[in-house]
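Geometric and topological summary
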Amino acid sequence: MRYSPVNRKTQLVAVAVLALAVSSRGSAQQPLRPGDQVRTTQEAELKAGQETLHVVRPGTVLAVQQVQAPWVAVTLTEDGRPLSGWIQQRQVVRVEQAASDERVSVRPTPPAVRLQSEETSLGKAPEGIVWSSCTANADGTRVAYAVRRDGRWWITLNGAEGPKYDEIAAGHPRFSPDGKRLAYTARRADRWLAIIDGRESAPFEKIGADFPVFSADSGHVAYSAVRDGAATVVIDNEERRYEDVLPGTPRFSPDGKRSAYGAMRDGKWFAVVDGVEGEAYDELRQRDLVFSPDGSRVAYVARRGRQWHVVVDGSVAEGCDWAGYPTFSRDGRRWCYEAGRGQKRWLVVDGAEWKPHEAIGDFVFSPDGSRTAYWAEDGGRWRVVLDGREQTPYDGYGEASLTFSPDGRRVTYVAVRGQGALAVIDGREDPLYERMLESTPIFSPDSRRIAYAGLRDGKWRLVVDGAERGTYDLIGEQTVRFVGDGSGVACLAGFGNRVAIALEGSFGNDYNFFVRGNLWSKADQDWFRTVAVRNGELFRVDVRIISNGSHSANRLSGPAPVR
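Residues numbered from 1 in each chain as written. Predicted model: local features only at pLDDT ≥ 70, side-chain atom pairs only at ≥ 80, totals over all residues. Heavy atoms only, no water.

Notes on the environment of Phe-291
Here Phe-291 is to be found in strand 29 (residues 290-291). Owing to a relative accessible area of 12%, Phe-291 belongs among the buried residues under this scheme. Along the sequence, Phe-291 and Asp-255 sit 36 residues apart, while their C-alpha atoms lie 9.7 Å from each other. In contact with Phe-291, not counting residues within four places along its chain, are Arg-251, Phe-252, Ser-253, Pro-254, Arg-258, Ser-259, Ala-260, Arg-297, Val-298 and Phe-328. (Helix = DSSP H or I, 4+ residues; strand = E, 2+ residues; numbered from the N terminus. Buried < 20%, exposed > 50% of the residue type's maximum accessible area, 1.4 Å probe, protein only. Contact = heavy atoms within 4.5 Å.)

Written out as structure tokens, the structure is:
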């Protein structure tokens, strides 16, 4: 079975954190536990994956963070600099077992960074504000929301009221990626309008849900609509009419330079890429029309008769009983899709068929495209196939959790065992939890550190490098981030009916909620900005990452990775 860790639609989703207490296989008399102090009995290597971070001298006292026999996660201070990593358990002994004159007191390693927040009031929200529509641009300088009062609707942008309408579509307004443009859809009488940069479109009977959309470079805008009973695609105010338009299209390439959508004419479906119509088919699938990450290539899945085909840059692959979502490597050079015939499923990678399985799950290329990993089911058990080698089998897996590190050397995923879920990092299993946050685990930009969250005993716990760094009522999906130079991990955390930015157990100012659209602006630098609401008042919040004297602390990554 597959496993969906959380509902995708919740505004603030909880993550499970790896509990610090781990069942360990320590000494026969008394197992090592997190919080214990140990002393090295010989020269030992402090490791992160396959990398040696530091050579530890004999007699060095270490603090235990986690135990995964035959490895122990430890911290130590070297030349005033806190370090974390993994060491072999046979190379250490509990401090209490050493001679009394060798006992040493070890102070906990302080957090490497802390948060400093500064608020700027944006004023009280007006009567009738529709809070679910409230959004901000990326740098927090523009805030927009819908207001409903006395039977009329309008959009307010930075305190200025827009034209009045009979209805504003749910989920609107929307800023362009650069934050300079604004779009929404509104109804006047029985006709819908697209309002883009303050200008109204011609009236339509209907405008597609989740439209208009901006290109990544903010230079283009598109939507689908219905006028006089005809399905219409509008890209930069240029209209084309068809019998039908594939739901969820048009869409832009990641670089914003190209467009694609599916359309029907004379009962046949075809893809329109950069304005050029492709071959006609009996069916197209919405999810399976994709651009490569670099925008150079496009693929889609189409049916002709009983056979499904994957079309890559206009080239049609051999037909099969079933074909699935195409995937490209980051540079667009490699491509893959799932194919099936009868009861068997297999991957087609760069045009070559791979080993068949009963079912295929998520597939990923490493960032440089040289490595591959995917989930496969055989005999009712799911396992990762990493570079062609099958890993440990499980009862299921966390969708979209299979991830390579930025340098491509490491891999992590969420696996299901019984009624629980666990993180597997470089082939090493972490403890079992009730549920894992959908958007974790994540790697730090330098690939050394890892963070995730999970649910245990009704609390969500943030785990950084194998150690618990905070326990919360909720943790926001897609909000766990390495901040500063990667020395700290922040998230959007909830406690009671309040939310706050949290940094490994410490809180910033608390609010009722954060406005969607710009959380973690500039998160890879030493500050970020967001917009939040407290007691009906809007605030721009600047959060600065303050160093506590070390930016290399807690680089705990796990034993040597499985390759």
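So, the environment of Val-130
Examined against the element boundaries, Val-130 turns out to sit in strand 9 (residues 129-136). Spatially, the C-alpha atom of Val-130 lies 6.9 Å from that of Arg-148, the residues being 18 residues apart in sequence. Sequence-distant contacts of Val-130, that is, excluding residues within four places in its chain, are made with Ala-146, Arg-148 and Trp-153.

Looking at the packing of aromatic side chains
All chains considered together, the criterion is met by 15 aromatic pairs. Taken together, a centroid distance of 5.9 Å and an interplanar angle of 85° make the contact between Phe-204 and Tyr-223 edge-to-face. Placement of Phe-204 in the loop between strand 17 (199-200) and strand 18 (206-207) and of Tyr-223 in strand 20 (residues 221-227) is noted, with a sequence separation of 19 residues between them. The pair formed by Phe-204 and Tyr-223 is uniform in burial state, with each residue classed as buried. One aromatic cluster in this structure is built from Trp-354, Phe-363, Phe-365 and Tyr-374. The ring of Phe-539 carries Arg-534 above its face, with NZ or CZ at 5.0 Å from the centroid. (Phe/Tyr/Trp six-rings, centres within 6.5 Å; stacked < 30°, edge-to-face > 60°. Lys NZ or Arg CZ within 6 Å of the ring centre and 35° of its normal.)

Quick notes on the pairing of strand 20
Judged by how many residues are buried, strand 20 sits mostly within the fold: six of seven residues are covered. As paired strands, strand 18 and strand 20 are joined by two bridges and run antiparallel to one another. From the neighbouring strand, Ile-207 faces strand 20, where its bridge partner is Ala-225. As paired strands, strand 19 (residues 213-214) and strand 20 are joined by two bridges and run antiparallel to one another. Bridging across to strand 20, Phe-214 finds its partner in Val-221. (Pairing = 2+ DSSP bridges.)

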